[in-house]
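What follows is the residue order along each chain.
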Amino acid sequence: TMLGRASSQLLAGSRQRILPLAMRSVPRYLSSSNVAEPRFSSPPVKTRADEVLVGPMGPLKNMDEKTSTVELSPVFHRHRTVVPFMSSTSKISCEAFVTPNSTVAGNVCIGDRTTVWYGSVVRGDENSVVIGAMTNILEGSVITTDCEHTDLSIDTDGTGGRVVGFPGSVKIGDFVTIEAGSVLRACTIESNVIIGAGSVICEGALVESGAIVAPGTVVPPGRRVPGGQVWSGKPAEYVRDVDHDEETLPEKTAQKYYARSLDHHDAVYSLESYSRLSQHAQQ
């Protein structure tokens, strides 16, 4: 009979819920009222009201009610839009609009009324990037530089992809629209140009004023797209001259996106706020 009672007790005990270590109740003398607040907290865990959570640094408050015991610095809560790189800092016009989840890093100069839309990256870490006025870098675009004289490029025309002698900087003129998902690397885009969505402009390429690059086009390294023409393809080829209506299209498109950016401006944090956060982080 004693063996039977022991077996029954053991079976009953196995049916009891065993709390994880982080959810076990602590003794009264270690309750949250007697222990100093921890510096860091564990991720939120659902618990009953009579239980006390114990994290790596001690007891925690009920995370279900969003009463975290720690308020981390705002610097590390948000994406850093403007990132200094070594001794280079970006120069952004007070009239420009850069969305909070974009990244502008290194030696970058952005002119008046230029917009950099959500998820775009402008990297001036290896060389400089100069963007003129009333230019639009739309969602998910990437603008990146190269070293002083690039010696490696994307093989877009079967020549091995190796070129030399091109400057590594990026220059973009005024009234330019770079549509979503485009990639520009160490190239020159003159004023009044439209770069279609998903296009790739390789290093050393030159797109002259008034040209239109169709969506999905790949402009090979060192290729020149003459002004007043429409180019398309992989690699890019001449399609036709721009018509009368298309002559004013770059300017109208640039103004349209700038006007739209004014509606977004009040809904996001200002560049001054991010500048202060960046200075705080460096300190």
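That block above? That's the structure.
All of these numbers come straight from a predicted model, not from anything done at the bench.

(A) Molecular detail of the overall build of the protein. What the protein contains, in helices and strands, is three helices and 22 strands. Relative to all contacts within the protein whose residues are 6 or more apart in sequence, the contacts with residues 24 or more apart total 32%. Surface summary for the protein: the accessible area is close to 16000 Å², and the carbon and sulfur share equals 55%.

(B) Structural view of the pattern of salt bridges. For the structure on display, the rule yields six salt bridges. Residues Glu203 and Arg185 are paired through a salt bridge, measuring 3.0 Å at the closest nitrogen-oxygen approach. Taken together, the positions of Glu203 in the loop between β16 (200-201) and β17 (206-207) and Arg185 in strand β13 (residues 183-185) put the pair 18 residues apart, joining distant regions of the chain. Using a relative accessible area of 25% as the deciding quantity, one classes Arg185 as partly exposed. We note a salt bridge from Arg224 to Glu208, for which the minimum N-O separation is 2.7 Å. Taken as a pair, Arg224 in strand β20 (residues 224-225) and Glu208 in the loop between β17 and β18 (212-213) lie far apart in primary sequence, 16 residues in all. Here the salt bridges do not stand alone but share partners, grouping Asp146, Arg185 and Glu203 into one network.

(C) Layout of unusual backbone geometry. A cis amide bond, omega 5 degrees, links Lys234 with the succeeding residue Pro235. With respect to the secondary-structure elements, Pro235 resides in the loop between β21 (229-232) and β22 (237-241). The backbone phi angle of Asn192 is positive, close to 55 degrees, even though this residue is not glycine. In this fold, Asn192 is placed in the loop between β14 (188-189) and β15 (193-195). Given the relative accessible area of 26%, Asn192 is considered partly exposed.

(D) Focus on the pairing of strand β6 (residues 103-110). The element β6 is extensively covered by neighbouring structure, given that six of its eight residues are classed as buried. Of the pairings in the sheet, the one linking strand β3 (residues 82-83) to β6 comprises two bridges and is parallel in character. When the sheet's bridge partners are listed, Val82 is paired in β6 with Val104. Note: strand β4 (residues 91-92) against β6, two bridges, orientation parallel. The residue bridging Lys91 from the neighbouring strand is Cys109, located in β6. Note that β6 and strand β8 (residues 121-131) share seven bridges and pair parallel. Residue pairing across strands places Val108 opposite Val129, the latter belonging to β8.

(E) Representation of the environment of Gly198 in the model. Examined against the element boundaries, Gly198 turns out to sit in the loop between β15 and β16. Judged by relative accessible area, which is 35%, Gly198 ranks as partly exposed. Put simply, Gly198 and Ala214 are 16 residues apart on the chain and 9.2 Å apart in space, counted from C-alpha to C-alpha.

(F) Examining the state of the cysteines more closely. The tally for this structure, following the rule as stated, stands at zero disulfides. The closest cysteine sulfur to the non-disulfide-bonded Cys187 is located on Cys202, 8.7 Å from its own sulfur. According to the relative accessible area criterion, Cys187 is buried, its value standing at 1%.

(G) Quick peek at the side chain of Glu203. Owing to a relative accessible area of 0%, Glu203 belongs among the buried residues under this scheme. In this structure the side chain of Glu203 is engaged in a polar contact, spanning 3.0 Å, whose partner is the side chain of Arg185.

(H) Geometry of the packing of aromatic side chains. Under the definition given, this model contains two aromatic pairs. Considering the side-chain rings of Phe97 and Trp117, the 5.7 Å spacing of their centres and the 70 degrees angle between planes classify their relative orientation as edge-to-face. A residue pair is termed long-range when its members are at least 10 positions apart, and Phe97 in strand β5 (residues 97-98) and Trp117 in the loop between β7 (115-116) and β8 qualify at 20 residues. The pair formed by Phe97 and Trp117 is uniform in burial state, with each residue classed as buried. With a centroid separation of 6.1 Å and an interplanar angle of 65 degrees, the aromatic rings of Trp117 and Tyr118 are classed as edge-to-face. With a relative accessible area of 3%, Trp117 lands in the buried category. For Tyr118, a relative accessible area of 27% corresponds to the partly exposed category. By way of ring pairs, the aromatic residues Phe97, Trp117 and Tyr118 are connected into one cluster. Just above the ring of Tyr257 sits the side chain of Lys256; from NZ or CZ to the centre is 4.8 Å.

Thresholds, definitions, all that
- Residue positions within a chain follow its written sequence, with the count starting from 1.
- Local features in this predicted model are restricted to residues of pLDDT 70 or higher, and side-chain atom pairs are both shown and tallied only at a pLDDT of 80 or more, whereas totals for entire chains, interfaces and linings draw on every residue.
- The side-chain values count all of the structure's non-hydrogen atoms but skip hydrogen atoms and water molecules.
- Under the DSSP-based scheme used, a helix requires at least four consecutive residues in state H or I and a strand at least two consecutive residues in state E, with every element numbered from the N terminus.
- Note on contacts: a residue pair qualifies if any of its non-hydrogen atoms lie within 4.5 Å across the two residues.
- Accessibility throughout is a Shrake-Rupley quantity obtained with a 1.4 Å probe, and a residue counts as covered only by protein chains that appear here.
- Salt bridges are defined as contacts in which a side-chain nitrogen from Lys or Arg sits within 4 Å of a carboxyl oxygen from Asp or Glu.
- Relative accessibility decides the category of a residue: with a 1.4 Å probe and only protein chains considered, values under 20% of the type maximum give buried, values over 50% give exposed, and everything between is partly exposed.
- One requirement defines pairing of two strands: DSSP has to find at least two bridges between them.
- Our working definition of a disulfide is a cysteine sulfur pair at a distance within 2.5 Å.
- We call two N or O atoms a polar contact when they sit within 3.5 Å, provided that within protein one can donate a hydrogen and the other can accept it, with sequence-adjacent residues counted only if both atoms are side-chain atoms.
- Pairing of aromatic side chains here covers Phe, Tyr and the six-membered ring of Trp, requires ring centres within 6.5 Å, and sorts the geometry by plane angle: under 30 degrees stacked, over 60 edge-to-face, intermediate tilted.
- Only Lys NZ and Arg CZ are tested; either one counts as a charge over a ring when it is within 6 Å of the ring centre and within 35 degrees of the ring normal.

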